[in-house]
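# Summary of structural features
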Amino acid sequence: MAITSLERMNNSDLAGYYSTLSRNYKKVRSQNLKLDMSRGKPCQEQLDLTAGLIDCLSRTDFRAANGTDCRNYGGIDGIPEIRELCAWILEARPAEVIVGGNSSLALMHDLIVRAMLQKLPGSETPWKKLPQVRFLCPSPGYDRHFAICEYLGIEMIPVNYQADGPDMDKVERLAAADPTIKGIWCVPKYSNPTGITYSDSVVKRLATMTTKASDFRIFWDNAYAVHHLTNTPDRLLNILTACKNAGNPDRVFIFASSSKISFPGSGIAMMAGSETNINWLKKQMIIQTIGPDKMNQLRHVRFFKDPAGIEAHMRRHAAIIKPKFDLVTAIFESTLGGKNLATWSNPRGGYFISLNTLPGCAKKVVAKAAEAGVVLTGAGATFPYGLDPEDKNIRIAPTFPPLPELKQALELVALCIQLVSAEQELAKRSTPAKNKIAAV
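Position labels on residues start from 1 in each chain and follow its written sequence. Reporting in this predicted model follows two pLDDT cut-offs: at least 70 for local features of residues, and 80 or more for side-chain atom pairs to be given and counted; totals over whole chains, interfaces and linings ignore these cut-offs and use all residues. Excluded from the side-chain calculation are hydrogens and water; included are all heavy atoms of the structure.

- The name given to the protein in an unreviewed UniProt entry is Putative aminotransferase/MSMEI_6121, and the organism recorded there is Methylomusa anaerophila.

Rendered as structure tokens:
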């Protein structure tokens, strides 16, 4: 039966359609699938690309370019050559870069904790001494950003995404009026999960906008800066330069890591900011650590060598995962296309696809998929406090499963969307009859 819209089907056709979907779902459940697509993890083939990182140093090859013995203490901001390589990724000068441990999320978490405990440059008081601290949170967004705020008691204000980034009219209005709004989370390139890359206009407005808080900061998590799925990658305006040009040089902290370039658990984390921000931060870091893992930093430099080496490496990554993104599009188009049941993004880079069901269906779709053996990111996870106001967004993470398993998982997700949508339409049609009976 050709399906164009559930609302256009008569009751008999809808019941028949639902019955067919239910039988198909039972068949899939009987297969006892066990597939996990809850996180955006590199697959084994991607990890194998970096196998040479493990043994790229000899027993005598442990000195940085400036003669530093990387086996020993020191170097709070990273060895010079890794700061130079990371400066290329972050589009900053080496003097504006800190290279830390293996997790950019840890850098973000610790930075916000430090802002709670110590005054940021331009701040009048540590945030913990204020009655309230708020952050703007473009949504759907990255759940771990939101978890940091929730953990530290920072109130989150959702901001909708538009085609070229967050709703800047709302961002500007709120930031200009409320001194308790101290920051905004941004994943500006191939955004998690929408795949959006911020336009030049959005970047400039973030850099130039008036903020009531003198210590307002943009937390610019450029996690997918080099993670392209196309030979014509998106271009992102340099936010650090834009802030400097606007007279707000201290407004932004930029983050990235090699977690999806080399090894997720054994990569390098990096951040950039104005020299004022970086010098402030280094004074705090000295209390926490005597230095990062410089041997790991040296391994990364020796393995990748230069920007061209990273670019070539990322093309090999794309060759592995692009077919998986293409498979998502193909299956959703063939199973859901033209049925007005869902929409999905078609990103040009990054690690995720944003899937929107009909309002009110996402949680049930995720639950039904889990019952049949496919674990997805929890519905609502892409919004502050896990509350999707329309209950429609699901983050699809296609990189980890092999193609045959991914195909099974996606077909099940599409089936669950159709099944839950049909259930909702049937319930909607039965409601007036129930109300009529109740009234009698």
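## Observations concerning the pairing of strand β4 (residues 155-162)
- Pairing between strands requires that DSSP locate at least two bridges from one strand to the other. Comment: elements are numbered from the N terminus, with helices defined as DSSP H or I runs of at least four residues and strands as E runs of at least two. Bridge analysis of strand β3 (residues 134-139) against β4 gives 6 bridges, and the strand direction is parallel. Among the inter-strand pairings, P138 is bridged to a residue of β4, identified as V159.
- Two successive antiparallel strands, β4 and strand β5 (residues 165-166), enclose a turn made up of 2 residues.

## Side note on the packing of aromatic side chains
- Centre distance within 6.5 Å is the pairing criterion for rings of Phe, Tyr and Trp, where only the six-membered ring of Trp is used; planes under 30 degrees apart are then read as stacked, over 60 as edge-to-face, and the remainder as tilted. Counted by the stated rule, this structure contains 12 aromatic pairs.
- Ring geometry for W185 and F219: centres 5.4 Å apart, planes at 50°, overall tilted. Here F219 lies in strand β7 (residues 217-221) and W185 lies in strand β6 (residues 181-186), a separation of 34 residues in the sequence.
- Under the relative-accessibility criterion, F219 is labelled buried at 1%.
- Look at Y198 and W220: their rings are 5.6 Å apart centre to centre, the planes differ by 85°, and that puts the pair in the edge-to-face class. In this pair, Y198 is assigned in the loop between β6 and α7 (200-208) and W220 in strand β7, connecting sequence segments 22 residues apart. Just as Y198 is buried, W220 falls in that class too.
- Clustering of aromatic rings is evident, with ring pairs tying together W127, F135, W185, F219, F253 and F255. We call a residue buried when its accessible area falls under 20% of the maximum for its residue type, exposed when it is over 50%, and partly exposed in between, using a 1.4 Å probe and counting protein chains only.

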